[in-house]
Amino acid sequence: MALSHPEATNLTAGAGAGSNRRNARQEEEEEDESSDPVSITSITLRKVPHLREQEHLADLQPVGPNPLDRNPFFHPTDGFYISPYDVILRQAAPAQGKYLAYHRAGPRNQIFFDPCTTKAAIVTCGGLCPGMNTVIRELVVGLWDLYGVRQIYGIQAGYRGFYSHHPGPLHLNPNLVHNWHKRGGTALETSRGGFDLARIVDAIQHHGFDQVYIIGGDGTMRGAVKIFEETRRRKLRVGIAGIPKTVDNDVGIIDRSFGFQTAVEMAQQAIHAAHVEAESAVNGIGLVKLMGRSTGHIALHATLSSRDVDCCLIPETEFYLQGRGGLLEFLEQRLKDKGHAVVVVAEGAGQNLIPRSDAQKQQRDESGNLVFLDVGAWLKSELQQWWARDHPQELFTVKYIDPTYMIRAVPANATDNLYCTLLAHSAIHGVMAGYTGFVSGPINGNYAYIPLTDVAQAKNQVNTNDHKWAWVRSVTNQPDFLGL
Ligand SMILES: Nc1ncnc2c1ncn2[C@@H]1O[C@H](COP(=O)(O)OP(=O)(O)O)[C@@H](O)[C@H]1O
Ligand SMILES: O=P(O)(O)OC[C@H]1O[C@](O)(COP(=O)(O)O)[C@@H](O)[C@@H]1O
Ligand SMILES: [Mg+2]
């Protein structure tokens, strides 16, 4: 029952049966009656930084009770406001009785920002993802309606927008953003690169922003950590919240990233088209490249939902073309059996197989990400060469579809829209309560605050040893490529 985090000695939990969202005090009480000493050995709380922990802000006091007390649509009753002892457990089934816990997200009874003077900034960075506009919209409407904040600004075109004077921060209000959740992309615009820490924090100071909401992927979150650290180094009173955006679902700790479900749905359409093309040709192969630089979640989920896929290739497992147990042998058999085949390949799969010039090996995008070669185009060419070599007299066709931008540029579906709303509101509640350097996100279905540093490091890869991947292989009956 020991608590590993030295600063949270009040947090103790009882047996882990039932809900994984448990009030630690409640569990402490339960523990006396029905303790199961074997099932839990310790809980480690991943504490989220609070403004008050900074030496120069040690005397910071709440500005008052949460304005939701006076909101006609809310009637806070006992348990409405979240206490610091209310935690979310990360592991539904812990290893060796050890749990990681995170602060539960939601409104606190005291706030540390005066809504009349608060000045909030919102920025979107990196590639597009369905739901970005919904998050922006809900940040604006949430700040305005829940807390009465009126100075809300959109930073345009990513991190560089903080310091480029043209066009400058855009004053946002609920009327302006009213319909944004119905639009794909980001109305604030986005960009890669341009991360100039000193100039970004100078701009935060210059404009007097005391809340900064940063929507972006893994690169953006690494930048957000640096901004958070620099605001502390400069002794600023600024709340920084990250909202993880990654269509690939490659961010760790949280259950899934927003836009992912919309992306899987869109991917189905591409797979369906590839299937129709392949079925309608003699020896037709439909080839679809899906997003996923280091993870194959979209490919995996789309494959399992579609059931038209004959082979799913993801970055987490290697594959090879020639010889026994290779892709070509498998496809030859499929064409013989069915007359057509559908292959789904995640963009990061097979990168090690594609020949590269020295210049290509060095190529990086503006954010410093390695530029991947097009595995779909390479695979198409390999398949065509193979068939021309081995079956020169027989008809054959490969129809290659790359739906990347069609998938990520659409508006979020209903589920993702609701998810974006809860994410944005969770972030606002956390910042208003004085938390900083955190990310809001769902863990086992409950919303939590997670230290930015944890999220910036955590990866979420497909576990190729688990049931889901085994199921993909049994559905497709594809080779395991273990003859490598
Ligand atoms: N390690 C890093 N430190 C600081 N900023 C970074 C870092 N990596 C990326 N960024 C910045 O974050 C922004 C988005 O990064 P990018 O990798 O393009 O997209 P994503 O955040 O979606 O992964 C860019 O402005 C980029 O300069
Ligand atoms: O052409 P762009 O805008 O650089 O984007 C291409 C890349 O963006 C992605 O959607 C990933 O973007 P993020 O890293 O921003 O999430 C990849 O799937 C793709 O490789
Ligand atoms: Mg990225």
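None of these values were measured; they are calculated from a predicted model.

About the criteria used
Residues numbered from 1 in each chain as written. Chains lettered and ligands numbered in written order. Predicted model: local features only at pLDDT ≥ 70, side-chain atom pairs only at ≥ 80, totals over all residues. Heavy atoms only, no water. Salt bridge = Lys/Arg side-chain N within 4 Å of Asp/Glu carboxyl O. Buried < 20%, exposed > 50% of the residue type's maximum accessible area, 1.4 Å probe, protein only. Helix = DSSP H or I, 4+ residues; strand = E, 2+ residues; numbered from the N terminus. UniProt positions renumbered as here; feature names shortened; annotations may be inferred. Near = heavy atom within 4 Å. Polar contact = N/O pair within 3.5 Å; in protein donor to acceptor, adjacent residues only side chain to side chain. Areas by Shrake-Rupley, 256 points an atom, 1.4 Å probe, with all protein chains shown as cover. 1 Å grid on protein atoms, 1.4 Å probe; cavity = no way out; pocket = protein on both sides within 12 Å on 5 of 7 lines; lining within 4 Å. Sits in = over half its atoms within 2 Å of the grid points. Domains from an automatic or database assignment. Contact = heavy atoms within 4.5 Å. Buried area = accessible area lost by both parts, 1.4 Å probe. Nonpolar A, V, L, I, M, F, W, Y, C, P; charged D, E, K, R; others polar. Phe/Tyr/Trp six-rings, centres within 6.5 Å; stacked < 30°, edge-to-face > 60°. Lys NZ or Arg CZ within 6 Å of the ring centre and 35° of its normal. Points joined across faces, edges and corners; volume = space filled by probe spheres on them. Expected span 1.5 Å × (residues − 1). Arc of directions from axis to C-beta.

Pairs can form between side chains of opposite charge once their charged atoms are near each other. Across all of its chains, the model carries 17 salt bridges by this definition. For the salt bridge of E53 with K47, the shortest nitrogen-to-oxygen distance reads 3.4 Å. The class of E53 is partly exposed, set by a relative accessible area of 43%. In this structure, D310 engages K338 in a salt bridge whose closest nitrogen and oxygen atoms are separated by 2.7 Å. With D310 in the loop between α7 (297-306) and β14 (311-313) and K338 in helix α8 (residues 327-338), the pair connects residues that are 28 residues apart, well separated along the chain. Connected through shared salt-bridge partners, D202, E230, R233 and R234 make up one network.

Sequence positions flagged by UniProt for "binding site: Mg(2+)" (unreviewed entry) are, in local numbering, D218. Tracing the chain through its elements places D218 in helix α5 (residues 218-233). The class of D218 is partly exposed, set by a relative accessible area of 31%.

All right, on to the site of ligand 1 then. Surrounding ligand 1, one finds 16 residues, the nearest of these being R192, G193, D218, T220 and S367. S367 places a polar side-chain atom, nitrogen or oxygen, 2.6 Å from an oxygen atom of ligand 1. When isolated, ligand 1 has an accessible area of 550 Å², and the protein chains bury 87% of it. Judged by the proximity of its atoms to the pocket grid, ligand 1 belongs to the largest pocket.

This next bit is on the domain arrangement of the protein chain. Each assigned domain of the protein chain is listed here: domain 1 (45-256 + 412-457) and domain 2 (260-410). A separation of 37 Å is found between the C-alpha centroids of domain 1 and domain 2. On the side of domain 2, 20 residues touch domain 1, which itself brings 18 residues to the contact. Summed over both partners, the interface of domain 1 with domain 2 buries about 1600 Å², with 47% contributed by carbon and sulfur atoms. It is R192, V247 and D248 in domain 1 that bury the most area against domain 2; as a group they hold 32% of the surface buried on that side. If you look at where domain 1 meets domain 2, you find 1 salt bridge. For D365, the salt bridge goes to R192, with nearest N and O atoms at 3.9 Å. Scanning the region where domain 1 abuts domain 2 turns up 7 residue pairs in polar contact (both at pLDDT 80 or more). For the side of domain 1 that touches domain 2, a count of residues per class yields 5 nonpolar, 7 polar and 6 charged.

Residue position: T231 is located in helix α5. For T231, the contacting residues outside a window of four places in its chain are V201, L236, V238 and I240.

For the structure shown, the criterion picks out 12 aromatic pairs. Judged by centre distance (4.7 Å) and plane angle (65 degrees), the rings of F438 and Y449 are edge-to-face. Linking F438 in strand β17 (residues 438-443) with Y449 in strand β18 (residues 446-451), this pair joins segments that are 11 residues apart in sequence. The burial state of F438 is the same as that of Y449; both residues are buried. Among the aromatic residues, those joined into a ring-pair cluster are F74, F80 and Y81. Here the guanidinium or amino end of R256 rests over the ring plane of Y419, the centre of that ring lying 4.5 Å away. Above the face of the F372 ring, R293 is positioned so that its terminal group lies 4.0 Å from the ring centre.

Taken together, G126, G127, R192, K245, M291, R293, E347, Y405 and R408 are the residues near ligand 2. Take G127: an N or O atom from its main chain is 2.6 Å from an oxygen atom of ligand 2. For ligand 2, whose unbound accessible area comes to 480 Å², protein coverage reaches 76%. With respect to the pocket detection grid, ligand 2 is positioned in the largest pocket. Of the domains in this structure, domain 1 (45-256 + 412-457) and domain 2 (260-410) are the two that each give at least three residues to the shell around ligand 2.

Reported here for the largest pocket is a volume of approximately 1100 Å³. As for the largest pocket, its lining consists of 40 residues, and the residues nearest its centre are G127, R192, R293, D365 and N369. Classifying every residue of the lining of the largest pocket gives 11 nonpolar, 13 polar and 16 charged. The two domains that each donate at least three residues to the lining of the largest pocket are domain 1 (45-256 + 412-457) and domain 2 (260-410).

The next thing to look at is α5. The terminal C-alpha atoms of α5, which comprises 16 residues, lie 23 Å apart, in line with the 22 Å expected from a rise of 1.5 Å per residue. Two residues or fewer after α5 comes K235, characterised by a positive phi angle close to 60 degrees.

Under the 1.5 Å per step criterion, the end-to-end length of α8 is 16 Å for 12 residues, consistent within 8% with the ideal 16 Å. All buried positions along α8 are accounted for by L327, L328, F330, L331, R334 and L335. Summarising the axial view, the buried residues of α8 lie within an arc of 155 degrees, below the 170-degree limit, and thus occupy one face. With respect to the buried face of α8, the exposed residues turned more than 90 degrees away are K336 and D337. Against β13 (284-290), β14, β15 (340-346), α10 (375-390) and α14 (467-476) lie the buried residues of α8. After α8 finishes, the residue G339 shows a positive phi value of roughly 85 degrees.

Summed over the entire model, instances satisfying the criterion amount to 1 cavity of 30 Å³ or more. Volume-wise, the largest cavity comes out at about 50 Å³. Lining the largest cavity, in full, are D218, R222, D250, V251, V455, A456, Q457, A458 and K459. Mapped by element, the contributors of at least two residues to the lining of the largest cavity are α5 and α13 (452-457).

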